[in-house]
Amino acid sequence: MSRLIDDLNTLHDGFVEAINVAVAEDDLERADRLAADYDQEAIMMIAVREGRTDLLPISRPQDEDSGVRARIRRVVQRRAA
C-alpha cells in the first residue's frame, strides 16, 4: 500500500492541474468548485486511510480556506479589480 502523503500529493497535483486549466480558460467558478472538491476528497482519503470515517462528514469552516481555495480567491479578487 502506498503512503498517505504520496497519495495526497498525487491528488493535489491532479487538482492543481485541473484548476490551472480552468483559470487559463477564465472559468473561475469551475476553479472554485474544483478547489472545494479537492478539500472534500482529501478529507475523505485521510478519514478512510486512518480508519476514522466515523468522524465524517467534516467540513471546513466557511471563513477558512485551504491553500488551493485561498489561491483561487486571490485570482478572483485580482480579476475583479
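Rules and cut-offs
- Residues numbered from 1 in each chain as written.
- Predicted model: local features only at pLDDT ≥ 70, side-chain atom pairs only at ≥ 80, totals over all residues.
- Heavy atoms only, no water.
- Salt bridge = Lys/Arg side-chain N within 4 Å of Asp/Glu carboxyl O.
- Helix = DSSP H or I, 4+ residues; strand = E, 2+ residues; numbered from the N terminus.
- Buried < 20%, exposed > 50% of the residue type's maximum accessible area, 1.4 Å probe, protein only.
- pLDDT = per-residue confidence, 0-100.
- Contact = heavy atoms within 4.5 Å.
- Polar contact = N/O pair within 3.5 Å; in protein donor to acceptor, adjacent residues only side chain to side chain.

## Overview of the pattern of salt bridges
Tallying each qualifying case throughout the model produces 7 salt bridges. Among the salt bridges present, the one from aspartate 32 reaches arginine 73, with a minimum N-O distance of 3.4 Å. A residue pair is termed long-range when its members are at least 10 positions apart, and aspartate 32 in helix 2 (residues 28–49) and arginine 73 in helix 3 (residues 67–80) qualify at 41 residues. The class for aspartate 32 is partly exposed, based on a relative accessible area of 21%. Between aspartate 54 and arginine 52 there is a salt bridge, with its nearest N and O atoms 3.2 Å apart. Among the charged side chains, a salt-bridge network with shared partners connects Glu25, Asp27 and Arg30.

## Some thoughts on the environment of arginine 33
You can see arginine 33 is positioned in helix 2. Judged by relative accessible area, arginine 33 falls into the partly exposed class, the value being 47%. C-alpha of arginine 33 to C-alpha of glycine 14: the two residues are 19 residues apart in sequence and 14 Å apart in space.

## Description of the confidence of the model for the chain
Averaged over every residue, the pLDDT of the chain is 87; residues scoring 70 or more account for 94%. At the level of individual helices and strands, the chain shows its lowest average pLDDT in helix 3, which scores 79, and its highest in helix 1 (residues 4–24), which scores 95.

## Quick word on the environment of arginine 79
With respect to the helices, strands and loops of the structure, arginine 79 is situated in helix 3. With a relative accessible area of 44%, arginine 79 lands in the partly exposed category. Remark: the alpha-carbon pair of arginine 79 and alanine 36, spanning 43 residues in sequence, is separated by 20 Å. Once residues within four sequence positions are removed from consideration, arginine 79 is found in contact with Val23, Asp26 and Leu28. Of the polar contacts made by the side chain of arginine 79, one reaches the side chain of aspartate 26; its length is 2.4 Å.

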